[in-house]
Amino acid sequence: MRRAVDEPRLRAFMRELAAESRAEGRVYLTGGSSAVLREWRESTVDVDIKVVPEDDRIFRAIPVVKERLNLNIELAAPSDFIPELPGWRDRSPFIAREGALSFHHYDFYSQCLAKLERAHRKDLDDAARMVADGLVQPETLRELFETIEPQLYRYPAVNPPTFRAAVQGFLARR
């Protein structure tokens, strides 16, 4: 079992990935990584990332960095679980530049909706923090959900009525 990922280990991951890959691109951190960097929790189990553009040099560097730092790295983003939100790249806050790589938080609206769909306790806590910290505005979240709702049929693991109820329930408490 690999060690938990705290902020120093996450920052080391960013430096090491950039040093190994030397490829120009963006790496979007999501899930527990965003939570750790935003100080919502001390650590996470793995580093979930999306690489844009997809680049073999970066992908080849991932196993090297994973072993060197003894951490879990997953290629996972909200768009793997729910439809991609329009404008997500523009809403993805910058974290740091390391070498040729720019690191960003994956759009918090996308993260929030994906967390509401999954509905684990930590996910719901993170979603609440996104609103409390002003990263997600409830009305915009509602609008973005309504934008993607007609595309949910493309995600067979998602139960659209249950997802809608989760979003409505979350927004009713805000």
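Numbering of residues starts from 1 in each chain and follows the order in which that chain's sequence is written. Only residues with pLDDT of at least 70 are given local features in this predicted model, and only at 80 or more are side-chain atom pairs given and counted; all residues enter the totals for whole chains, interfaces and linings. Where side-chain values are given, they derive from all heavy atoms of the structure, hydrogens and water being excluded.

A word on the packing of aromatic side chains
Classification of ring pairs uses Phe, Tyr and Trp, with its six-membered ring standing for Trp, and accepts pairs whose centres are within 6.5 Å; under 30 degrees between planes counts as stacked, over 60 as edge-to-face, and the remaining range as tilted. A complete count under the given rule lists five aromatic pairs for this structure. Measuring from ring centre to ring centre gives 4.3 Å for Trp 88 and Tyr 106, while their planes differ by 5°; the resulting arrangement is stacked. With Trp 88 in the loop between β5 (72-75) and β6 (94-98) and Tyr 106 in the loop between β7 (101-105) and α4 (108-118), this pair connects stretches of sequence that are 18 residues apart. Here's how the labels work: a residue is buried when its accessible area is under 20% of the maximum for its type, exposed when over 50%, partly exposed in between, all with a 1.4 Å probe on protein chains only. We classify Trp 88 as buried; its relative accessible area is 2%. Taking relative accessible area as the criterion, Tyr 106 reaches 1% and is therefore assigned buried. A ring pair is formed by Phe 145 and Phe 163, whose centres lie 5.0 Å apart and whose planes are at 80°; its orientation type is edge-to-face. Within this pair, whereas Phe 145 is found in helix α6 (residues 138-148), its partner Phe 163 is found in helix α7 (residues 160-172), the two being separated by 18 residues in sequence. Phe 163 sits in the buried class, given a relative accessible area of 2%. In this scheme, Lys NZ or Arg CZ marks a charge over a ring once it lies within 6 Å of the ring centre and within 35 degrees of the ring normal. Looking at Arg 174, its charged tip hangs above the ring of Phe 170, at a distance of 4.1 Å from the centre. Helix and strand labels come from DSSP, where a helix needs a run of H or I of at least four residues and a strand needs a run of E of at least two; each type is numbered from the N terminus.

So, the side chain of Ser 21
Its location among the elements puts Ser 21 in helix α1 (residues 7-21). Setting aside residues no more than four positions away along its own chain, Ser 21 makes contact with Arg 57, Ile 58, Ala 61 and Leu 101. In what follows, residue pairs with any heavy atoms lying within 4.5 Å of each other are defined as contacts.

Focus on the sheet that holds β5
Here five strands make up an open sheet; going across it, the order is β5-β4-β2-β7-β6 and the pairing mixed. The open sheet is flanked by β5 and β6, the only strands paired with a single partner. Sheet twist, expressed as the mean angle between neighbouring strand axes with direction ignored, is 30°. Here the rule is simple: two strands pair whenever DSSP picks up at least two bridges between them. Relative to β7, strand β2 (residues 25-30) runs parallel, the two sharing five bridges. In the strand pairing of β7, Val 27 is matched with Phe 103. The strands touched by helix α3 (residues 56-69) are β4 (46-52), β5 and β7; relative to β5, the strand with the most contacts, the crossing angle is about 155°. Only C-alpha atoms enter the line fits that serve as axes; for helices the fit covers just the stretch in contact. Angles between N-to-C directions range over 0 to 180 degrees.

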